[in-house]
Amino acid sequence: MTVERRTRFGLRAVALLYLGALLAVPVGLVFYRTFEHGWGAFWDSITTPAAIHAFQLTLEIALIAVPLNTIFGVLAALALVRGRFRGKWLIEALIDIPFAVSPIVIGLSLILVYGSSGWLGSWLISNGIQVIFAVPGMVLATIFVSLPFVVREVEPVLREIGDEQEQAAATLGANARQTFMRITLPAIRWGIAYGVVLSMARAIGEFGAVSVVSGKISGQTETLTLIVEKRFQNFDVAGAYAASLLLVVIALVTLFAMTLIKPRKEHT
Amino acid sequence: MITVQDISKRFGDFEALHGVSLEIPSGSLTALLGPSGSGKSTLLRVVAGLEAPDSGTVVIDGRDATGLPPQKRGIGFVFQHYAAFKHMSVRENVAFGLRVRKRPKTEVDARVKELLGIVGLGGYADRYPSQLSGGQRQRMALARALAVEPSVLLLDEPFGALDAKVRAELRAWLRRLHDEVHVTTVLVTHDQEEAMEVADRIAVMNDGNIEQVGGPRELYEHPATPFVMSFLGPVTRLGSSLVRPHDIRISLHEEAGSLQAQVDRVVHLGFEVRAELTLGDGEGLSVQLTRGEAEELELAEGDIVHVRCVGPRTSVPV
């Protein structure tokens, strides 16, 4: 065995151990613990009315937040990469706020704005719209925390492909919509797909910000992550693992759905 | 016909075009020739509508196109780096302009087939741009631009990214294509040989201005400025003029208008002989002779000879 081969095997072993200790073992244990007491116990704990409602609410919030962030993300990336306007740096900085600020702080800041004594909240409540301790606030919190992903994934792709193909399309008679649909969108779809997967993961997994604005009303404003925490606090460890597994399943389904839109012919 | 009137364009502090005016006759193949930064590409992009001029007008076939977007100018544009639509096959690339115009499918298919034949890519319709060589990609880009039957074909350094052999082939091919298709064509290039070989008219650009417009021979034989003269071929300085090294006659006796010089070096390059001389004022001079001429004069280092120019000259400020 040559020195290089030994080094290579050594590096691989270190990488595997690292990933194993940090990722595979904990996630694997979630699976193990979930089914420790059999399939029946698992099924019972994920089919309680509260769990079913939490599952639906988690999906509902993600399916509002992720498409909105995707549309915003693509438009923002186009504006930032192709546009020429003042104050670009300000938008760039604002988009990174959700990365920089702790989710709990984001939740509290939403209460400051939309809460019963907040400067928009009091007006909303007097008009019969409750945001905080209700689903709208949770949607807002989720949009907030998952906002940067699509922008940040699409921006570098747009930069890399340049605007020559778009200019060529324009000289060939394509209007702005045709150019976007036929040239730009196919070129950036992988960036979008990756951004959607990351947004989705963040949206369904968000705990801090949603926890602050939800009020944790069982059967009303409880998402899966909140149920995991509640069950864990109540010493229902198996129940907490069961709900965790649902989160993992949603994530895997999203990943699988993204591989379905994989281009049939990949030529780079 | 394209008429460009008083076009100015500035990018930040850089003034790319200073009030440029140019007429491009219908059916001609005109080259915009100049060094990089001379404004030739900017002028082409202004004609295409890809760049908005700060002032001036562009008239294409009698219609004021200054405010029109590229889509409405009836142009075809070919980019230096092909701008191939990577996710589309060759067929789809060429069909693009017709598809967005919603032409019937049978017409699109027939036209694409015809064009792929013209550019010699008949067997490549189902390939993707990544599976083509640079020369093939550029021919595909030409077919794509020609598919919509533009009244003007604009080529921005179309052979700039190709290697020398393919470039030479494509040049000859473009000239033949133009003779067949007769579409008014503007070619941007920094290569004087390419311009002389392909174009029937050349506009020489320098520093955001057009220095001279004319046929290749006219520009070579009657350059209006020292810049045009030196850009189109080799030059050497004789007194206060620029002249071509092959236009200098050497004689052993003084003649009307001749200057005295001393031979420093004689280099035999096969058919051609190059002589390096020093004039009476200490300036160096390079002369190109045929082997026969050099032998007749029996040129040798140290000889005192008399030189005069028999060709065009442009005066340069001393």
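Residues numbered from 1 in each chain as written. Chains lettered and ligands numbered in written order. Predicted model: local features only at pLDDT ≥ 70, side-chain atom pairs only at ≥ 80, totals over all residues.

**Considering the overall build of chain B**
- Scanning chain B for helices and strands turns up nine helices and 18 strands.
- Taken along its principal axes, the extent of the C-alpha atoms in chain B is 80 × 45 × 30 Å.
- Going through the 318 residues of chain B one by one, you find that 41% of them count as buried. (Helix = DSSP H or I, 4+ residues; strand = E, 2+ residues; numbered from the N terminus. Buried ≥ 20, exposed ≤ 12 C-beta atoms within 10 Å, placed from the backbone.)

**Brief notes about the overall build of chain A**
- Per the secondary structure count, chain A includes 14 helices and zero strands.
- Along the longest, intermediate and shortest principal axes, the C-alpha atoms of chain A span 75 × 65 × 30 Å.
- The buried share of chain A, reckoned over its 268 residues, is 35%.
- The long-range fraction of contacts in chain A, counting pairs at least 24 apart against all pairs at least 6 apart in sequence, stands at 74%. (Contact = placed C-beta atoms within 7 Å.)

**Some details on the sheet that holds strand S4 (residues 55-60) of chain B**
Residues and elements named next belong to chain B.
- Pairing is antiparallel across the open sheet formed by four strands, whose spatial order is S2-S1-S4-S5. With one partner strand each, in any of the chains shown, strand S2 (14-24) and strand S5 (63-64) form the two edges of the open sheet.
- Helix-sheet contacts for helix H1 (residues 40-48) involve strand S1 (2-11), S2 and S4, and the interaxial angle to S1 is about 120°. (Pairing = 2+ DSSP bridges. Axes fitted to C-alpha atoms, helices over the stretch in contact; angles between N-to-C directions.)

**Side note on the sheet that holds strand S15 (residues 272-279) of chain B**
All names here are of chain B.
- Ordered in space as S13-S17-S14-S15-S16, the five strands form an open sheet in which the pairing is antiparallel. Two strands close off the open sheet at either side, each with one partner strand: strand S13 (248-251) and strand S16 (284-290). Averaged over all adjacent pairs, the angle separating strand axes in this sheet is 45°, with direction ignored.
- For S15 and S16, the ladder comprises seven bridges, and the chain directions are antiparallel. Pairing of Ala-275 across the sheet is with Val-287, part of S16.

**Quick word on the nonpolar core**
- Counting residues in each nonpolar core, the largest one holds 94 residues, and the members touching the most others are Leu-32, Val-47, Val-94, Ala-141, Ala-143 and Leu-154 of chain B.
- Ranked by residues supplied to this core, first place goes to helix H4 (residues 134-147) of chain B with seven residues.
- Apart from the residues lying within four places of it in its own chain, the contact partners of Ala-141 of chain B are Val-78, Phe-79, Tyr-82, Ala-83 and Ala-84 of chain B.
- By size, the runner-up hydrophobic cluster in this structure holds 51 residues, among which are Ala-77, Val-131, Ile-188 and Val-228 of chain A. (Core = buried A, V, L, I, M, F, W, Y, C linked by C-beta atoms within 7 Å.)

**What to know about the interface of chain A and chain B**
- In this assembly, 16 residues from chain A lie in contact with 21 residues from chain B.
- Of the residues forming the side of chain A that touches chain B, the biggest block, six residues, is contributed by helix H10 (residues 164-171) of chain A.
- For the side of chain A that touches chain B, the residue count by class is seven nonpolar, eight polar and one charged. (Nonpolar A, V, L, I, M, F, W, Y, C, P; charged D, E, K, R; others polar.)

**Some words on the confidence of the model for chain B**
- Across chain B, the average pLDDT comes to 92, with 99% of residues at or above 70.
- Per the prediction output, this complex has pTM 0.82; the corresponding ipTM is 0.86. (pLDDT = per-residue confidence, 0-100.)

**A few points about the pairing of strand S8 (residues 184-189) of chain B**
Residue and element names in this part refer to chain B.
- Counted residue by residue, S8 has six buried out of six residues, so it is predominantly covered.
- Covered by surrounding structure in S8 are Thr-184, Val-186 and Val-188 together with Thr-185, Leu-187 and Thr-189, the residues of both alternating faces.
- Two elements, strand S3 (residues 29-33) and S8, share five bridges in a ladder whose sense is parallel. What sits directly across from Leu-33, in S8, is Thr-189.

**Some points on the packing of helix H8 (residues 135-146) of chain A against helix H11 (residues 176-205) of chain A**
Residues and elements named next belong to chain A.
- Running from amino to carboxyl end, H8 crosses H11 at an angle of 140°, the nearest separation of the two axes being 9 Å. As far as their axial angle goes, H11 and H8 are oblique. The two elements H8 and H11 cross, and the hand of that crossing is right-handed. When H8 is examined against H11, the residues Thr-142, Val-145 and Ser-146 are found in contact with a partner set consisting of Ser-199, Arg-202 and Ala-203. (Parallel < 35°, antiparallel > 145°, perpendicular 65-115°, else oblique. Left-handed = near helix turned anticlockwise from the far one by under 90°.)

**A word on unusual backbone geometry**
- The backbone phi angle of Phe-235 of chain A is positive, close to 60°, even though this residue is not glycine.
- Along the chain, Phe-235 of chain A turns up in the loop between helix H13 (224-233) and helix H14 (237-260).
- Its 8 C-beta neighbours within 10 Å are what place Phe-235 of chain A among the exposed residues.
- Of note, the phi angle at Asp-207 of chain B is positive, near 60°, even though the residue is not glycine.
- Here Asp-207 of chain B is to be found in the loop between strand S9 (201-206) and strand S10 (209-214).
- Judged by the 15 C-beta atoms lying within 10 Å of it, Asp-207 of chain B falls in the partly exposed class.

**As for helix H1 (residues 3-34) of chain A**
- For H1 of chain A, built from 32 residues, the straight-helix expectation of 46 Å at 1.5 Å per residue is met to within 8% by its first-to-last C-alpha distance of 44 Å.
- Within H1 of chain A, only one of the 32 residues are buried, which leaves it mostly out in the open. (Expected span 1.5 Å × (residues − 1).)

**Things to note about the environment of Met-196 of chain B**
All names here are of chain B.
- Structurally, Met-196 can be placed in helix H6 (residues 192-198).
- Judged by C-beta crowding, with 18 C-beta atoms within 10 Å, Met-196 ranks as partly exposed.
- Once the C-alpha coordinates of Met-196 and Ala-31 are considered, the two residues, 165 residues apart in sequence, prove to be 8.5 Å apart.

**A word on the packing of helix H2 (residues 38-46) of chain A against H14 of chain A**
Residue and element names in this part refer to chain A.
- The contact between H2 and H14 brings their axes to 9 Å, and the two run at 75°. One finds that H2 runs roughly perpendicular with respect to H14. Contacts from Ala-41, Phe-42, Ser-45 and Ile-46 in H2 reach Ala-238, Gly-239, Ala-242, Ala-243 and Leu-246 in H14.
- For the contact of H2 with H14, the per-class residue count stands at seven nonpolar, two polar and no charged.

**Some details on the environment of Val-90 of chain B**
Residue and element names in this part refer to chain B.
- One can find Val-90 in helix H2 (residues 90-100).
- Taking the number of C-beta atoms within 10 Å as the measure of exposure, Val-90 has 28 and is therefore buried.
- With 61 residues separating them along the chain, Val-90 and Leu-29 place their C-alpha atoms 26 Å apart.
- Setting aside its immediate chain neighbours within four residues, Val-90 contacts Leu-121, Tyr-124, Ala-125, Arg-127 and Met-140.

**Topic: the environment of Gly-208 of chain A**
All names here are of chain A.
- Counting through the fold element by element, Gly-208 comes out in helix H12 (residues 208-214).
- A tally of 16 C-beta atoms within 10 Å means that Gly-208 is categorised as partly exposed.
- Residues in contact with Gly-208, not counting those within four places in the same chain, are Ser-102, Pro-103, Ile-104 and Gly-107.

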